[in-house]
Amino acid sequence: MNFREFLKNNIVIFDGGLGTLLQKQGLKAGEHPETWNISHAGIVQKIHTDYFNAGSNIVNTNTFGANKLNFASDELETIIKAAVENVKIARDNCVANQPKFIALDIGPTGKLLKPFGDFDFEEAVEVFAETVKLGVKYGVDLIYIETMSDSYETKAAVLAAKENCDLPIIASNAYGEDGKLMTGASPEAMVAMLEGLGVDAIGANCSLGPKQLRPIVDKLLKCSSLPVMLKPNAGLPKIIDGKTVYDINVDEFADEVLSAINSGVRIVGGCCGTTPEYIRKVSQKTIGAKPIDIKEKNITCVSSYTHVVEFGKQPILIGERINPTGKKRFKQALVEHDIDYILNEGINQQEKGVHILDVNVGLPEIDEPELLKTAVCELQAIINLPLQIDTSDIKAMESALRVYNGKAMINSVNGKQESMHSVFPLVKKYGGLVVALTLDENGIPSTAEGRVKIAEKILKTAENYGISKKDIIFDTLAMTISADTSAPIATLGSMREIRERLGCNTSLGVSNISFGLPNRDFVNSVFYASALENGLSAAIMNPYSLEMMKTYYAYRAIHNLDSNCADYIVFASGVEISENKAVSVTNKADENYNSDLQKAIIKGLKELSGEITSELIKAHNPLDIVTDEIIPALDIVGKGFEKKEVYLPQLLMSAEAAKSAFEIIKSNMQTVSKNDKATVVIATVKGDIHDIGKNIVKLLLENYGFNVIDLGKDVSPDAILKTVVENNAPLVGLSALMTTTVPAMEETVKLIKEKAPYCKTVVGGAVLTEDYARKIGADKYAKDAMETVRYAEEICR
């Protein structure tokens, strides 16, 4: 039986933790666990065998960090070959008789992808691809992508797997206590993206115990049409008598896991701190448990790197302004590659309240595939709204879909065979919600019935490609009434039929209706209201139009979609009335900014921040710009991050924008450095190659004026101490992601306390807790980068 068949009708039991068990067998601090596949093969085989005998259906290869960033190509192949062979031997030697499968274990690279880090998306795909190809070569049954804290890196790993094998893929993410990934993705956003990418199961693992992960798993179950996996830690780590232990025992763990199974979880196992005994108890308690049927959720949605926008419950606004049609200045910006102009257009529409941004950069004189890709990446760097990729160029469409972080809206496909056979393979590969135009080789039907027939043809063809109707949204094509006053009848009639009979959502470019007429907003807004009454789900519209926004807010208020009319009241309070006529809308968002430079920094506009600073410095003292403009802007973003109102990518881009402003100040004021505060030494501890958190801390500390000495990753305790002493540093920051490297952190803390007692230690990382940090002797546990900055400011006054 292959794994996909087994998954359909069975509860699937994974293995448990490996690193903590290898530590008990003598794995040293800083030693790569993957090398034990060769040097201590017997021990690794014994652990795998114990898991099979405990009831595991799936045992992972010991390859969590096996990639070409950590090992040379020849060594990597030797390690993966041995890792697969070790599980095969365990499978053959075990006495249990349940179905057994070997999973290629793939963990994160430890690098943050561009634009927030320095690692290119395609480089990440290449790194994962090499590991996948070797795993397939030596005979694994499925791919297990785990402990991913970034949606973008998750996508890179999934694409690498899909492009290099046809094996089942389970993708699992590590969520924080706030219920989101480190880079901001909600469980719903991960389901939207991963379902679109075509994985076989979706899950949550590591970071937390089963109780803490349960709310996240419940969200996955609510929106996922795929099997859901739960692979938690054995609670939270503590140190007792010098040993790391976890606070949930075998029975408690198994009871929590069984409860999750009874709620619909299909795949279970353990992560850090769990042992074969945990898995045995889970296996025993699940005897006779019946898997709950997995139902299709039929959720039509798109997602960004943070959240989902769902269609069918509320009217959705799609901002139309990132489009050169009829916009001379925008065309000029595209030709001149003026990305900041595009970004400003996106920011302004976001502040007007749109839910999705349409992105169209199509001009004959530009390289559309390259510019559309750039625009998508740059917009996603500073704006967390989902994007609608709007192009008729198939190469441009694929280039943008490949790098898009989330599930994009795709504009568009139509009923022509050529269009469907070009676009649908891209939708199937990358996921997405595709706008389907009701036209075909015979043009646009003049009747509602004709347009509905095209819609039915599109749905049937999409089904042949394995694309559900939930991922098709129909545009019934608004035609100008200046040419034919009967045109709206077919548009609205087919819209209503598609919504009610076919059960599909609809989208419309509303402003087309008024082309060639004066005061177009009058017509647009009334047509928009009529379309909403006839089943319109989303409008591509101008959010600067007061008439359109009035219709949107009033419609929601009178259809019980705006509790207590709260949104309408806020909107109406910003409309100025003169002689009984609404003449303008104040931009409430601008009231939050004290200056153009603060806005540019808060919004993460690097180039604009530099340009504004260059002008300011001509008339203002450089230090005044730092203290009155840059630091306050960073504080606004930092406080937003601490309140969970701003996500990590936005925090990083704001820091980069501030850095751009600082560079201008430094170049104009050679005698003053922005790094006028104390020296802070930072490092990822010995044996750990994951430096995302450390790099984020570095960027923020530097922007707050600290002199940061970054020793990199896999740094020995002696090297860290040496740097602290040489620089008389009052603070050192230590990072660790893996449980196997926490002993190296403890050793480093102890050495600094002994040899440099004046130096405070702040620690952080996914495997740490405040209690754990205190037990290893650290002065401070920082749950995120901003908390490190606050602590540095506190002790370095």
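Residues numbered from 1 in each chain as written. Predicted model: local features only at pLDDT ≥ 70, side-chain atom pairs only at ≥ 80, totals over all residues. Heavy atoms only, no water.

1. A short note on the pairing of strand β17 (residues 433-437)
Put simply, the rule reads: Categorising residues by exposure relies on relative accessible area from a 1.4 Å probe, with only protein chains included: less than 20% of the type maximum marks a residue as buried, more than 50% marks it as exposed, and the intermediate range marks it as partly exposed. By definition, any uninterrupted DSSP run of H or I lasting at least four residues is a helix, any uninterrupted run of E lasting at least two residues is a strand, and each is numbered from the N terminus. Between any two strands, pairing holds if DSSP finds at least two bridges. Every crossover in which the path from the first strand over the helix to the second runs clockwise, viewed with the strands pointing away from the viewer, is termed right-handed.
Counting buried residues in β17 gives five out of five residues, a clear majority hidden from the surface. Bridge count between strand β16 (residues 409-414) and β17: five bridges; the pairing is parallel. By the bridge assignment for β17, Asn-411 is matched with Val-435. In this fold, the crossover linking β16 to β17 by way of helix α16 (residues 417-430) has right-handed handedness. Sheet topology places β17 next to strand β18 (residues 472-475); four bridges connect them, and they run parallel. When the bridges of β18 are listed, Ala-436 appears paired with Phe-474. Between the parallel elements β17 and β18, the chain passes through helix α17 (residues 448-464) in a crossover that is right-handed.

2. Thoughts on the nonpolar core
The following threshold applies: The term nonpolar core refers to a set of buried residues drawn from Ala, Val, Leu, Ile, Met, Phe, Trp, Tyr and Cys, joined through side-chain atoms within 4.5 Å. Any two residues whose heavy atoms approach within 4.5 Å at even a single point are treated as in contact.
Judged by nonpolar contacts, the single largest core of 215 residues is most densely connected at Ile-143, Ile-472 and Ile-630. For Ile-630, the contacting residues outside a window of four places in its chain are Leu-597, Ile-601, Ile-625, Ala-658, Ala-661, Phe-662 and Ile-665. If you look at the next biggest cluster of nonpolar residues, it comprises 28 residues, including Ala-729, Leu-734, Met-745 and Val-749.

3. With respect to the pattern of salt bridges
Spelled out, the test is: Salt bridges are identified by distance alone: a Lys or Arg side-chain nitrogen within 4 Å of an Asp or Glu carboxyl oxygen.
The tally for this structure, following the rule as stated, stands at 44 salt bridges. Between Asp-15 and Lys-231 there is a salt bridge whose closest N-O contact spans 3.5 Å. On the criterion of sequence distance, the pair formed by Asp-15 in the loop between β1 (12-13) and α2 (19-24) and Lys-231 in strand β7 (residues 228-231) is long-range, its members being 216 residues apart. For the pair Asp-15 and Lys-231, one class covers both residues: buried. With its nearest N and O atoms 2.9 Å apart, the salt bridge here joins Glu-163 to Lys-429. Of the two residues, Glu-163 sits in helix α7 (residues 151-164) while Lys-429 sits in helix α16, which places them 266 residues apart along the sequence. Taken together, the salt bridges that share partners define one network made up of Asp-635, Glu-642, Lys-677, Arg-790 and Glu-793.

4. With respect to helix α18 (residues 487-500)
Note the threshold: Expected span of a helix, by definition, is 1.5 Å for each gap between consecutive residues, and there is one gap fewer than residues.
The end-to-end C-alpha separation of α18 is 21 Å, in line with the 20 Å expected for 14 residues at 1.5 Å each. In the core, the buried residues of α18 are packed alongside α17, β18, β19 (505-509) and α19 (520-533).

5. Focus on the pairing of β19
Here β19 lies mainly inside the structure; five of its five residues are buried. Taking every second residue as pointing to the same face, both faces of β19 are buried, with Asn-505, Ser-507 and Gly-509 on one and Thr-506 and Leu-508 on the other. Pairing of β18 with β19 involves three bridges; the strand directions are parallel. Each residue of the ladder has a partner; that of Asp-475, found in β19, is Ser-507. On the question of chirality, the crossover connecting β18 to the parallel β19 by way of α18 is right-handed. Where β19 lies against strand β20 (residues 538-541), three bridges are found, and the strand directions are parallel. Among the inter-strand pairings, Gly-509 is bridged to a residue of β20, identified as Ile-540. A crossover links β19 with its parallel partner β20, the connecting element being α19, and its sense is right-handed.

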